[in-house]
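Descriptive structure summary
Read off the chains here:
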Amino acid sequence: MKTNKLNHYHPSKMEMRYIEEVRQMTPQQRFEKLMAIIEISYLLKTAKKISK
């Protein structure tokens, strides 16, 4: 998987780019991306909250 770059375009263009990127991925790459998202979500959910 290539390194993603930050792009700031119109949301419809970003959505089209994302869909095309996902279509080019293999099922294994899609699964790994999903697992990474779930892992980050869990880490954010269980992280210590900083109180001010």
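Overview of the structure. (Residues numbered from 1 in each chain as written. Predicted model: local features only at pLDDT ≥ 70, side-chain atom pairs only at ≥ 80, totals over all residues. Heavy atoms only, no water.)

1. Describing the overall build of the protein chain
Helix and strand counts for the protein chain stand at two helices and zero strands. Every one of the 52 residues in the protein chain was classed for burial, and the buried ones make up 4%. A total accessible area of about 5,500 Å² is found for the protein chain, and carbon and sulfur atoms account for 62% of it. (Helix = DSSP H or I, 4+ residues; strand = E, 2+ residues; numbered from the N terminus. Buried < 20%, exposed > 50% of the residue type's maximum accessible area, 1.4 Å probe, protein only. Areas by Shrake-Rupley, 256 points an atom, 1.4 Å probe, with all protein chains shown as cover.)

2. Quick notes on the pattern of salt bridges
On inspection of all chains with the given rule, the structure shows two salt bridges. Across the pair Arg-17 and Glu-21 runs a salt bridge whose closest N-O atoms are separated by 3.4 Å. Here Glu-21 and Arg-17 lie together in helix H1 (residues 11-23), a separation of four residues that amounts to about one turn. Here Glu-21 makes a salt bridge to Lys-33, at a shortest N to O gap of 3.3 Å. (Salt bridge = Lys/Arg side-chain N within 4 Å of Asp/Glu carboxyl O.)

3. A word on a nonpolar patch on the surface
Residues Phe-31, Leu-34, Met-35 and Ile-38 make up a contiguous nonpolar surface patch of roughly 360 Å² in combined accessible area. Positionally, Met-35 belongs in helix H2 (residues 27-46). (Patch = residues over 30% accessible without salt bridge, like charges linked within 9 Å, V, L, I, M, F, W, Y side chains within 5 Å.)

Geometric values such as these leave the question of function open.
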